[in-house]
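Descriptive structure summary
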Amino acid sequence: MPLVPPYIESLRPYEPGRSIAEVQRTYGLTRVAKLASNENPLGPSPLALEALRRPLALNYYPNGGLDLRERLAYGFDLKVSNVIAASGSDSIMSGIIRAFLCDDDEVLTTDAAFIGFQVLARSRGVAYRTVPYRDWQYDLQALASAITEKTKIIYLANPNNPTGTIFSKTDFDAFYAHVPERVLIILDEAYFEYAKDTPRYPDSMHYRYDNVITLRTFSKIYGLAGLRVGYGFAHEELIKNLLKVKLPFEPSEPAQRAAIAALDDHEFVHRALELNARGLRQINTALKQMGIDAVPSSANFVMLPLESANEASWLTDELLQRGVIIRPLASFGLPNCVRVSTGTDEDNQMFLDAMEVLYCKEGICRR
Ligand SMILES: Cc1ncc(COP(=O)(O)O)c(C=O)c1O
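Note that this is a predicted model, so its numbers are computed, not measured.

1. Topic: the site of the ligand
Not every one of the 14 residues close to the ligand is listed here, only the nearest: Ser 89, Asp 188, Tyr 191, Thr 217 and Ser 219. A distance of 2.5 Å separates an oxygen atom of the ligand from a polar side-chain atom of Thr 217. Between the ligand and the protein, one listed contact pairs an oxygen atom with a side-chain N or O atom of Ser 219 at 2.6 Å. Contact with the protein chains removes 94% of the 400 Å² of surface that the ligand exposes when unbound. In terms of residue count, helix α5 (residues 89-100) provides more of the shell around the ligand than any other element does, three residues in total. Taken together, the residues of the shell around the ligand sort by class into five nonpolar, five polar and four charged.

2. Side note on the pattern of salt bridges
A side chain with one charge may pair with a side chain of the opposite charge, provided their charged atoms come close. Applying the stated criterion across every chain, the model contains 18 salt bridges. Of the charged contacts, one joins Glu 22 and Arg 18 as a salt bridge, the two residues approaching to 3.1 Å between their closest N and O atoms. On the basis of relative accessible area, Glu 22 is assigned to the partly exposed category, the value being 28%.

3. Quick word on unusual backbone geometry
Note the cis peptide between Asn 158 and Pro 159, where omega equals -5°. Secondary-structure assignment places Pro 159 in the loop between β5 (151-157) and α8 (169-176). Between Asn 161 and Pro 162 the backbone carries a cis peptide bond, its omega angle lying at 20°. By the element assignment, Pro 162 lies in the loop between β5 and α8. Even without being glycine, Asp 77 reaches a positive phi, approximately 60°. With phi around 65°, Arg 228 is a residue other than glycine that occupies positive phi space. Within the secondary structure, Arg 228 sits in the loop between β7 (212-217) and β8 (230-233).

4. Some words on a nonpolar patch on the surface
Among the surface-exposed residues, Leu 3, Val 4, Tyr 7 and Ile 8 lie close enough to one another that they form a single nonpolar patch of about 390 Å² accessible area. Of note, Ile 8 is situated in helix α1 (residues 6-9). What makes Ile 8 partly exposed here is its relative accessible area of 34%.

5. Description of the sheet that holds strand β4 (residues 127-131)
Here seven strands make up an open sheet; going across it, the order is β2-β8-β7-β6-β5-β3-β4 and the pairing mixed. The two strands at the open ends of the sheet, each matched to only one other strand, are β2 (83-86) and β4. Between one strand axis and the next, the sheet turns by 20° as a mean value, whatever way the strands run. Note: β5 against strand β6 (residues 184-188), five bridges, orientation parallel. Along β6, the bridge assignment pairs Tyr 155 with Ile 186. Sitting on the sheet, α8 is in contact with β5, β6 and β7, with an inclination near 165° to β6. Strands in contact with helix α10 (residues 236-245) are β2, β6, β7 and β8; relative to β2, the strand with the most contacts, it is inclined by about 30°.

6. Some thoughts on helix α14 (residues 345-359)
Across its 15 residues, α14 extends 21 Å between first and last C-alpha, which sits within 8% of the 21 Å expected from 1.5 Å per residue. Taken together, the buried positions of α14 are occupied by Asp 347, Asn 348, Met 350, Phe 351, Leu 352, Ala 354, Met 355, Leu 358 and Tyr 359.

7. Some remarks on empty space enclosed by the protein
In this structure the tally under the stated criterion is two cavities of 30 Å³ or more. Of the pockets and cavities examined, the largest cavity occupies roughly 60 Å³. The wall of the largest cavity is formed by Glu 39, Asn 40, Pro 41, Tyr 194, Ala 272, Leu 275, Asn 276, Asn 300 and Thr 342. The biggest single contributor to the lining of the largest cavity is helix α12 (residues 266-289), with three residues. Taken together, the residues of the lining of the largest cavity sort by class into four nonpolar, four polar and one charged. Ile 84, Ala 86, Ser 91, Ile 92, Gly 95, Arg 98, Leu 242 and Lys 246 are the residues that line the second largest cavity.

8. Observations concerning the packing of aromatic side chains
Two descriptors summarise a pair of aromatic rings, namely the distance from one centre to the other and the angle between the planes of the rings. Applying the stated rule across the entire model yields 19 aromatic pairs. Relative to Tyr 138, the ring of Tyr 133 lies with its centre 6.4 Å away and its plane at 55°, an arrangement referred to as tilted. For the pair Tyr 133 and Tyr 138, a shared accessibility class is recorded, and that class is buried. Taken together through their ring pairs, the aromatic side chains of Tyr 133, Trp 136, Tyr 138, Phe 167, Phe 172, Phe 175, Tyr 176 and Tyr 209 make up a single cluster. The residue whose ring lies beneath Arg 339 is Phe 301, and the NZ or CZ to ring-centre distance is 5.6 Å.

9. What about the pairing of strand β9 (residues 301-305)?
Burial within β9 is extensive, with four of its five residues counted as buried. Sheet analysis places β9 next to strand β12 (residues 337-341), joined by five bridges and oriented antiparallel. Bridge pairing in β12 places Phe 301 opposite Ser 341.

10. As for the pairing of β6
Where burial is concerned, most of β6 is hidden: five out of the five residues are buried. Strand direction decides the pairing type here: β6 and β7, joined by four bridges, are parallel. In the strand pairing of β7, Asp 188 is matched with Leu 215.

Parameters at a glance
- Residues numbered from 1 in each chain as written.
- Predicted model: local features only at pLDDT ≥ 70, side-chain atom pairs only at ≥ 80, totals over all residues.
- Heavy atoms only, no water.
- Near = heavy atom within 4 Å.
- Polar contact = N/O pair within 3.5 Å; in protein donor to acceptor, adjacent residues only side chain to side chain.
- Areas by Shrake-Rupley, 256 points an atom, 1.4 Å probe, with all protein chains shown as cover.
- Helix = DSSP H or I, 4+ residues; strand = E, 2+ residues; numbered from the N terminus.
- Nonpolar A, V, L, I, M, F, W, Y, C, P; charged D, E, K, R; others polar.
- Salt bridge = Lys/Arg side-chain N within 4 Å of Asp/Glu carboxyl O.
- Buried < 20%, exposed > 50% of the residue type's maximum accessible area, 1.4 Å probe, protein only.
- Patch = residues over 30% accessible without salt bridge, like charges linked within 9 Å, V, L, I, M, F, W, Y side chains within 5 Å.
- Pairing = 2+ DSSP bridges.
- Axes fitted to C-alpha atoms, helices over the stretch in contact; angles between N-to-C directions.
- Contact = heavy atoms within 4.5 Å.
- Expected span 1.5 Å × (residues − 1).
- 1 Å grid on protein atoms, 1.4 Å probe; cavity = no way out; pocket = protein on both sides within 12 Å on 5 of 7 lines; lining within 4 Å.
- Points joined across faces, edges and corners; volume = space filled by probe spheres on them.
- Phe/Tyr/Trp six-rings, centres within 6.5 Å; stacked < 30°, edge-to-face > 60°.
- Lys NZ or Arg CZ within 6 Å of the ring centre and 35° of its normal.

The structure is reproduced here in structure tokens:
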């Protein structure tokens, strides 16, 4: 028996985007735009920062997220027993995989799903099955038809990372009608806040399905990715079992405190949404003029399907040398595609200026 199981041996670890400091050092640059990890370019929520400045009793263990669970339950009109909080939605996903998957079970999702989920699910060593996108949207019909008696978890992200696309409540309900009760659906809504005002986007908080768990995060709109804090809502039976496997002291006390404060930072959320909407318009319009079509996005990033894997890696490298970090998607399973997060107005312009240099000459663009 080898020390390392084959499904771990063959796993490629999650690669975080490159840091601004590292790119500055490598290429001798003063200004770098990090558009690789769908973070909030405004920084962290000011109310969260203010809360962190108050004295913290860090000598005591935290209470496992209870204060945050109570605040979320109050805010969303649920019972505390329907809410879980942990060190990022990643951590809750990891708990779901530990709590609910047995050796013979299968996981089902789309091709090129969010890489964090891919790595976690594959690390469990169970069968991992996918169906292709249709026009960069989830093909929910094909997913429903792919369910077998072994399927245990279906992972859906809405909006989806990396495509930025969404499905509606009608689409979801038609799909849900085909899902047996013994199958758990993870509804990953990391980008919920960016999409919630799109008319056809559903608010899953109003769903009352016993086998669906909704995951959300403070890493995106609230600008707290570095603190690691996320949450989930589900039937109390699911939450009860998830709490059995959750590491007892997640989230940390600073993370919990900052998250509670951030929930009241409506002005910051509003500013972040405005900046993002402006950024999407700015990027989509300029790219279109260059002959590059981004997939229509309901999140804080756009995906660009390019002509070849060579073009995608060429573009990533050229942009990097010019101080713009984007995300190549080969590791997700889309070697022809790259993903670009919206940044500040200046970041977006820096990206577009570099694109113009790379794709256009004397006003004529080569795509
Ligand atoms: C779809 C999706 N889910 C989850 C996460 C991870 O969120 P967290 O920082 O809460 O672990 C991300 C982060 O990029 C994401 O894109």
